[in-house]
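Single-letter residue listing:
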Amino acid sequence: MANEPTRPSKTDGTTEGSRSRQTTRGSGVLRGVAAFAAGAPFAALVAAVEVAVAAAALGVPRSTAPVAVGLVAFAVYAADHVADAEGDMGSTPARARVALRYGDQLMTAAALSYGLAVALAVGAGPAATALVLVPGAVWIGYASDWLPALGDLAAPLGEVSVPRLKDVFLLNSAAVALAWAVAVVAAPLAFAGVPAGAVGTPTVALLFGYVALRSFVDVEVPNVRDVAADAARGVSTLPVACGVAGTRRILLGVDAVAAGLLAVVAATGAASGPALVALAAGLAVSVAVTALADRLDGAALGVAPDCSYLVAGAVLVALSG
């Protein structure tokens, strides 16, 4: 379908030239809302489900941990989308346009969301409070310009430059994976006031390893969609460095290690059967998504990896009902 001739940029970050003649402003708004809902709110839902499944696997009492971690996830991802909106125009243009147009409102919502999460954590005790601060602290080093600015102050002549973690090959994905593994596995214990020893430290450590590996895969799979944009921006990811086929082999290997950890958890007998089946079902979805990474379109690839946790949650509910 032919496009309008190019005209000056609009306030939403688009140009007239990029719009179809039959595209209405209302439909554009709806697409933007849908793109945002598939971003930070979706991440919050997935994080909450992930914590609930982890709590079931650990056998700890129900608490507000899923709500608190979900609020933190919304805050972190909303702020991240605003911070990198211009760079995301090439890979997720609809979401980037929302972030550019409503950046102030999104940052306000992110601050309120994080503040509410901290309030819930304070009521649960010092350990819970410290835990909800971990993802935010990691994000500051991961995506903000705080570290580069500190590096400039330390070396004003520009002899040493400190990059954002987000721009450091593999360390970026590892930082995200470890931060979420801490939140997902430790938050149910902290909010319920259950020490790791009461569950079994080996079981907690194995589950932490499983979540960290799964989170690493979930971070790298969508990079297949962003490979062209990341290469253009000079950001090195697995798909940029190893190609799509190489990335698929590496991530399937990571999932295989995660499956091994889950098998060891099952062998210990410390985790409930329904929770283990739910985690295994989620892992199966992850393997399928990784195998099909180069066959899914950009929108599907952006949410498919995280859908594995929704499948795990649904299986857990079905088996527990």
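The model shown is predicted, which means the values in this text are computed figures rather than measured ones.

A. Up close: the overall build of the chain. From N to C terminus, the chain includes 15 helices and zero strands. Counting across all 321 residues of the chain, residues that qualify as buried make up 45%. Looking at the chain as shown, the accessible area adds up to about 14,600 Å², and 67% of this sits on carbon and sulfur atoms.

B. Expanded view of the side chain of T203. Counting through the fold element by element, T203 comes out in helix α11 (residues 201–220). On the accessibility criterion, T203 (7% relative accessible area) is buried. Setting aside chain neighbours within four positions, we find T203 in contact with V265, T268 and A270.

C. Fine view of the pattern of salt bridges. Per the counting criterion, the structure on display carries two salt bridges. The shortest N-O distance in the salt bridge between R214 and D218 comes to 3.3 Å. In this pair, R214 and D218 both sit in helix α11, four residues apart, roughly one turn of the helix. D218 matches R214 in its accessibility class, with the two residues each being buried. D294 is the salt-bridge partner of R248, the closest N and O atoms lying 3.1 Å from each other. With R248 in helix α13 (residues 238–268) and D294 in the loop between α14 (273–291) and α15 (298–320), this residue pair connects regions lying 46 residues apart in the sequence. Of the residues examined, R248 reaches a relative accessible area of 22% and is grouped as partly exposed.

D. Highlighting the packing of aromatic side chains. A complete count under the given rule lists one aromatic pair for this structure. Consider the rings of Y77 and W180, whose centres lie 6.2 Å apart with planes at 10°: the pair is stacked. Placement of Y77 in helix α3 (residues 65–83) and of W180 in helix α9 (residues 171–192) is noted, with a sequence separation of 103 residues between them.

E. Structural context of the environment of V76. By the secondary structure assignment, V76 is in helix α3. By relative accessible area, V76 is classed as buried at 10%. Put simply, V76 and A40 are 36 residues apart on the chain and 8.0 Å apart in space, counted from C-alpha to C-alpha.

F. Inspection of the packing of α13 against α14 at higher detail. Running from amino to carboxyl end, α13 crosses α14 at an angle of 170°, the nearest separation of the two axes being 10 Å. With respect to their mutual orientation, α13 and α14 come out roughly antiparallel. On α14, the residues that touch R248, L251, L252, D255, A258, A259, L262, V265 and A266 of α13 are L276, L279, A280, L283, S286, V287, T290 and A291.

G. Representation of the nonpolar core within the structure. One finds L58, F191, L207 and Y210 to be the most contacted residues of the largest nonpolar core, which totals 59 residues. Residue contributions to this core peak at 11 residues, all from α3. Not counting chain neighbours up to four residues away, the residues in contact with L207 comprise A54, A57, L58, V185, V265 and L279.

H. Structural view of the side chain of S113. Along the chain, S113 falls in helix α6 (residues 103–124). Those residues within four positions of S113 in sequence are excluded, and the remaining contacts are L71, F74 and A75.

I. Looking closely at helix α5 (residues 93–101). When we look at burial in α5, the residues that qualify are R95, A96, V98 and A99. Down the axis of α5, the smallest arc covering the buried residues is 160°, so these residues share one side.

J. Region of interest: the confidence of the model for the chain. Taken as a whole, the chain shows an average pLDDT of 81; of its residues, 81% reach a score of 70 or greater. Confidence, read as mean pLDDT per element, is least for helix α1 (residues 25–37) in the chain (58) and greatest for α6 (93). For the stretch residues 1–23, pLDDT sits under 50, and the model shows 33 contacts to residues farther than four places along the chain or on other chains.

Definitions and limits used
- Residues numbered from 1 in each chain as written.
- Predicted model: local features only at pLDDT ≥ 70, side-chain atom pairs only at ≥ 80, totals over all residues.
- Heavy atoms only, no water.
- Helix = DSSP H or I, 4+ residues; strand = E, 2+ residues; numbered from the N terminus.
- Buried < 20%, exposed > 50% of the residue type's maximum accessible area, 1.4 Å probe, protein only.
- Areas by Shrake-Rupley, 256 points an atom, 1.4 Å probe, with all protein chains shown as cover.
- Contact = heavy atoms within 4.5 Å.
- Salt bridge = Lys/Arg side-chain N within 4 Å of Asp/Glu carboxyl O.
- Phe/Tyr/Trp six-rings, centres within 6.5 Å; stacked < 30°, edge-to-face > 60°.
- Axes fitted to C-alpha atoms, helices over the stretch in contact; angles between N-to-C directions.
- Parallel < 35°, antiparallel > 145°, perpendicular 65-115°, else oblique.
- Core = buried A, V, L, I, M, F, W, Y, C linked by side-chain atoms within 4.5 Å.
- Arc of directions from axis to C-beta.
- pLDDT = per-residue confidence, 0-100.

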